[in-house]
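# Coordinate analysis (summary)
Listed below are the residues making up each chain.
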Amino acid sequence: MLKGWKVFEPYLLITPQTVVFLLFLVFPIIMIGVVSFWEFNGYSMTPAFSTSNYVSIFTSDVTLKTYTNTFKFVFLAWFFCLAIAFPVSYFLAFYIPSKQWQIILFLVCTVPFWTSNIIRNISWVPLLGKEGLVNQMLIGMGIVQQPVEWLLYSDFAIVLGMVHLFNFFMIAPIFNSLMRIDRNLITAAQDMGASGFQVLKEVILPLAAPGIAIGSIFVVTLVMGEFVTVRLMGGGQAASIGKLIQTQIGSLQYPLAAANAVLLLAVTMVMVMGILRVVDIRKEL
Amino acid sequence: MAATQCARSEAPVGTPSNPAPGPEVNTNQIKDVTLRLIGTGVSQINEIRNKAQEDLGFKLDMRALSTEENNQIAITQPNQYDIFDGEYFSLPLVVPSGNLQPVDVSKIKDFDKIVSFFITGKFDGMPVETSQGTAPFKVMYLTGPDSKEFSPTPTGLATLIPFQYNADTLGYRPDLVGRKIESWGELFSPEFKGKTSIIDIPQIGIMDAAMVAEALGLMTFGDKGDMTQEEIDKITEILKEQKAAGQFRAFWKTFDESVNLMASGEVVLQSMWSPGVTAVKAKGIECVYAPLKEGYRGWGGGIGLSKNLSGIALEAAYEYMNWMLDGWVGAFLGRQGYYSAVPENAKKFMSPAEWDFWYDGKPASEDMIDPFGKTLEKKGAVRDGGAFKDRFGSIVCWNSTMKENTYLVQKWNEFIAS
């Protein structure tokens, strides 16, 4: 009797999570896949097996243009997030001796999350707008005569908004892996005569790689599906796949939107698998 | 005949074949009704709900949604609402879903007092009679009780009972533009390069773009409200060229965004909705809702009944409809610049000064205050475009759902991605 229980115990324990997982993640995704083959007119959709949604996606040059644009945002947001997050985490992990201060400063990094996404985005307007603080300062200092327009409603603004939003997702895992580095390794490297740069390159970077990979997965997947920042910071003039899907849903074209979503999911999975190929994150777990 | 029927049914009250109804059954039943409404933020307002609950005695549950969400729920989630508060141009999408039941106009007390254009398609021979697009009259009536087809002539079975509508046009900042704007064509004027905006909802944005293109003589349309694929191709090409040349500063999707663009000075001239203009003015910033020589783009909203309504809840819904036309709401919304379906009723709830300003186009004899207590216009101001008749009569096209809606959305995405 007891032996039977021992066999079933792990299965029983994972059952609730598996059910939730199947019901709220796997099943909806399967439904999206199914709907993507349906037909639709202006106001309703009918179950069918039609590939016309996919045909129209793959034959339209809008798809390629929009993906190119989205990849551009992914690369830029990822690059700047990493460029900011690594030094910040490094500073937190190695230059702040007190555990308490590390935690306090780490929490400071979460400040952007204290308000909603939309408010954060809108509050850039008085800063970067034509009559905003930055432009007033530039004009006041005589650096420019006309207000600089590309500060807002531009690709620059979109990437800025994304980096501001998603930086923490990079900081947290990198900080985590830096904290796990055994300090004796660094001391040992220094004893062996390694310079500061060599320690960084030969010891810290390889050990931080899993953290960087996890952070990259966060940033890449978040930016791939992003549409709020693209719309608000880009002034609606820039395209991303998320925004394209949103417009289609808004016009009740669910099957077409579903087909786009399936493609987006596939592309994002390929990118994530690519990252996992380069770095073995299991070391982190 | 009548006598036999009487004899058969009139058993003494209280006997088993004719039980006496308990006194508590019918008296207050309607008080237990809660009507669930869906609509846009324009009219799903707490002040309206509270006043209606107070006057009618039953409960209302309101949900404020975007135009798009409102349509989505109306079409795909029929069990989530009892009353649909939507726009006429949504009807070619919503009615075929079969989720609405026709309104029996004989139960609407003031139906005959509704502005004639809605119920007969006539308006003193003014241009609005020949307006293009999904004009309310074209989708006002159904051919039968279970019909999903619109009747071109009055039938007594209405889709929606109108309660608010307006004539939309371009808004601009007179302090930053420096001159009068009198034509839709100005939206593409090089003078305002990088300072204009257009609405990013395909079905509305395309109409504004069409007005601009026609005004500039760039192209003509057979019917702006029902474009052909070639016409859609051509107008999106024009939009793409303008976008590539940097004509637009931004696009907006909700009216708050249009307010922010205008109030911050990012944009000086753009397509706008009237609450957007009043919101800019309420911030103390000058904004003109320009009467343009080509005419206005109209929209109209009304309330319709869910298929699920029956019995006492249906009665309550009719009571609510009658209340909506009774004038209080008309006056409330009128103070933001919307028009009431029955202006003579709204007049009863407005001060003479308010009526003269909002409907008659006369100079304000006192400061105009919006329903939320903010001053919109100082004494002496005149409503842009003037009197109701001049503004409404000059509508030349309406927000539209075209036959080529799917193609339109595809091309619109192309424009945004370009």
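None of these values were measured; they are calculated from a predicted model. (Residues numbered from 1 in each chain as written. Chains lettered and ligands numbered in written order. Predicted model: local features only at pLDDT ≥ 70, side-chain atom pairs only at ≥ 80, totals over all residues. Heavy atoms only, no water.)

## Brief notes about the overall build of chain B
- For chain B, the count of helices and strands is 17 helices and 17 strands.
- Relative to the compact-globule value of 22 Å for 418 residues, chain B shows a C-alpha radius of gyration of 23 Å, a close match.
- Projected onto its principal axes, the C-alpha positions of chain B cover 85 × 50 × 35 Å.
- Counting all 418 residues of chain B, 60% fall into the buried class.
- Sequence separation of 24 or more characterises 67% of the internal contacts of chain B that already satisfy a separation of 6 or more. (Helix = DSSP H or I, 4+ residues; strand = E, 2+ residues; numbered from the N terminus. Rg over C-alpha atoms; globule rule 2.2 N^0.38 Å. Buried < 20%, exposed > 50% of the residue type's maximum accessible area, 1.4 Å probe, protein only. Contact = heavy atoms within 4.5 Å.)

## Some points on the nonpolar core
- The biggest cluster of nonpolar side chains holds 88 residues, and the ones touching the most others in it are L35, Y320 and F392 of chain B.
- It is helix α12 (residues 311-325) of chain B that contributes the most residues to this core, nine residues altogether.
- Ignoring sequence-local partners within four residues, the contact set of F392 of chain B consists of V115, F117, F118, F123, V128, Y165 and W398 of chain B.
- By size, the runner-up hydrophobic cluster in this structure holds 84 residues, among which are L82, F106 and I171 of chain A together with V277 of chain B. (Core = buried A, V, L, I, M, F, W, Y, C linked by side-chain atoms within 4.5 Å.)

## Remarks on a nonpolar patch on the surface
- A contiguous nonpolar surface patch, about 800 Å² in accessible area, is contributed by W5, V7, F8, Y11, L12, L13 and I14 of chain A.
- Along the chain, L12 of chain A turns up in helix α1 (residues 2-35). (Patch = residues over 30% accessible without salt bridge, like charges linked within 9 Å, V, L, I, M, F, W, Y side chains within 5 Å. Areas by Shrake-Rupley, 256 points an atom, 1.4 Å probe, with all protein chains shown as cover. Salt bridge = Lys/Arg side-chain N within 4 Å of Asp/Glu carboxyl O.)

## Things to note about the environment of G327 of chain B
Residue and element names in this part refer to chain B.
- Of note, G327 is situated in the loop between α12 and α13 (328-334).
- With 31 residues separating them in the primary sequence, G327 and W358 have C-alpha atoms 15 Å apart.
- Aside from chain neighbours lying at most four places away, what touches G327 is N345, A346 and F349.

## A short note on helix α8 (residues 155-180) of chain A
- Taking 1.5 Å per residue, 26 residues should reach 38 Å; α8 of chain A reaches 37 Å between its end C-alpha atoms and fits that length.
- Of all bends in α8 of chain A, the biggest is about 45°, found at F166 of chain A. (Expected span 1.5 Å × (residues − 1). Bend = angle between axes of the 7 residues up to and from the residue.)

## Thoughts on the pattern of salt bridges
Residues and elements named next belong to chain B.
- Following the criterion strictly, the structure yields 28 salt bridges over all chains and no others.
- Here D226 ties to K403 by a salt bridge, and the two come within 2.5 Å at their closest N and O atoms. Pair noted here: D226 is in the loop between α8 (202-216) and α9 (229-244) and K403 is in the loop between β17 (395-398) and α17 (405-417), with a separation of 177 residues, a long-range link.
- A relative accessible area of 70% means that K403 is categorised as exposed.
- Linked through salt bridges whose partners overlap, the residues forming this network are D233, E237, K240, K411 and E414.

## Observations regarding the packing of helix α3 (residues 61-95) of chain A against helix α10 (residues 196-224) of chain A
Residues and elements named next belong to chain A.
- Here α3 crosses α10 at 140°, and the two axes come no closer than 9 Å. It follows from the interaxial angle that α3 and α10 lie oblique. Judged by the twist between their axes, the crossing of α3 over α10 is right-handed. For the pair α3 and α10, the contacting residues are Y67, T70, F71, F73, V74, A77, W78, C81, L82, F86, Y90 and F94 in the first and L200, I204, L205, A208, I212, S216, V219, V220, V223 and M224 in the second. (Axes fitted to C-alpha atoms, helices over the stretch in contact; angles between N-to-C directions. Parallel < 35°, antiparallel > 145°, perpendicular 65-115°, else oblique. Left-handed = near helix turned anticlockwise from the far one by under 90°.)

## Topic: the interface of chain B and chain A
- With 32 residues of chain B at the interface, the matching set in chain A holds 32 residues.
- Where chain B abuts chain A, roughly 2,800 Å² becomes buried across the two surfaces, and 53% of that area is made up of carbon and sulfur atoms.
- If you sort the residues of chain B by the area they bury against chain A, Q72, R249 and N413 of chain B come out on top, with a joint share of 20%.
- The interface formed by chain B and chain A holds 10 residue pairs in polar contact (both at pLDDT 80 or more) in total.
- Mapped onto the side of chain B that touches chain A, the elements with two or more residues apiece are α4 (67-76), α5 (91-94), α8, β11 (248-252), α10 (255-263) and α17 of chain B. (Buried area = accessible area lost by both parts, 1.4 Å probe. Polar contact = N/O pair within 3.5 Å; in protein donor to acceptor, adjacent residues only side chain to side chain.)

## A few points about the environment of V94 of chain B
Residues and elements named next belong to chain B.
- Within the secondary structure, V94 is located in helix α5.
- Measuring from C-alpha to C-alpha, the distance between V94 and V288 comes to 34 Å, with 194 residues separating the pair along the chain.
- Excluding its chain neighbours within four sequence positions, the residues that come into contact with V94 are N71, A74, I75, F84, N99 and L100.

## Examining α4 of chain B
- Here α4 of chain B lies mainly inside the structure; eight of its 10 residues are buried.
- Along α4 of chain B, the residues classified as buried are T67, E68, N70, N71, Q72, I73, A74 and I75 of chain B.
- Buried residues in α4 of chain B make contact with α12 (241-250) and α13 (254-278) of chain A together with β1 (34-40), β2 (59-65), β3 (83-87) and α5 of chain B.

## A closer look at the side chain of Q270 of chain B
Residue and element names in this part refer to chain B.
- Counting through the fold element by element, Q270 comes out in strand β12 (residues 269-272).
- For Q270, a relative accessible area of 0% translates into the label buried.
- Residues contacting Q270, with those up to four places away along its chain left out, are T169, L170, G171, L187, S197, W252, S258, L261 and M262.

## Some details on the packing of aromatic side chains
- Per the stated rule, a full pass over the model turns up 47 aromatic pairs over all chains.
- On the basis of an interplanar angle of 75° and a centroid distance of 5.8 Å, the ring pair of F117 of chain B and F392 of chain B is categorised as edge-to-face. Of this pair, F117 of chain B sits in helix α6 (residues 116-120) while F392 of chain B sits in helix α16 (residues 388-393), placing them 275 residues apart in sequence.
- Members of the aromatic cluster, each reached through a chain of ring pairs, are Y88, F117, F118, F123, Y165, Y339, W355, Y359, F388, F392 and W398 of chain B.
- Its guanidinium or amino end placed over the ring of F113 of chain A, R120 of chain A lies 5.3 Å from that ring's centre, counting from NZ or CZ.
- Of note, K243 of chain B hangs over the ring of F415 of chain B, and the distance from its end group to the ring centre comes to 5.9 Å. (Phe/Tyr/Trp six-rings, centres within 6.5 Å; stacked < 30°, edge-to-face > 60°. Lys NZ or Arg CZ within 6 Å of the ring centre and 35° of its normal.)

## Examining the environment of K389 of chain B
Residue and element names in this part refer to chain B.
- As for its placement among the helices and strands, K389 is situated in helix α16.
- Not counting the four nearest positions on each side in its chain, K389 is found in contact with F123, D124 and M126.
- Among the polar contacts listed, one links the side chain of K389 to the side chain of D124, at a separation of 3.2 Å.

## A look at the pairing of β12 of chain B
All names here are of chain B.
- Residues L269 and S271 of β12 are buried on one face, and the alternating residues Q270 and M272, pointing to the opposite face, are buried as well.
- The sheet contact formed by strand β9 (residues 161-172) and β12 spans four bridges and is antiparallel. Each bridged residue has a counterpart across the sheet, and for G171 the counterpart in β12 is Q270.
- Strand direction decides the pairing type here: strand β10 (residues 196-199) and β12, joined by two bridges, are parallel. (Pairing = 2+ DSSP bridges.)

## Digging into unusual backbone geometry
- Residue L252 of chain A is not a glycine yet carries a positive backbone phi of 65°.
- Mapped onto the elements of the fold, L252 of chain A is located in the loop between α12 and α13.
- Positive phi values are uncommon outside glycine, yet D124 of chain B reaches one of about 55°.
- As for its position among the elements, D124 of chain B is in the loop between α6 and β6 (141-142).

## Thoughts on the confidence of the model for chain B
Residues and elements named next belong to chain B.
- Overall, the prediction assigns chain B a mean pLDDT of 89, with 93% of residues at 70 or greater.
- Low pLDDT, under 50, characterises residues 1-11; the stretch is placed with three contacts to residues that sit more than four places away or in other chains.
- Our summary of model confidence lists the complex with pTM equal to 0.81 and ipTM equal to 0.74. (pLDDT = per-residue confidence, 0-100.)

## Digging into the side chain of S216 of chain A
Residue and element names in this part refer to chain A.
- Position of S216 relative to the elements: it lies in helix α10.
- Separated by 2.8 Å, the side chains of S216 and W78 make a polar contact.
- Not counting the four nearest positions on each side in its chain, S216 is found in contact with W78, M170 and I275.

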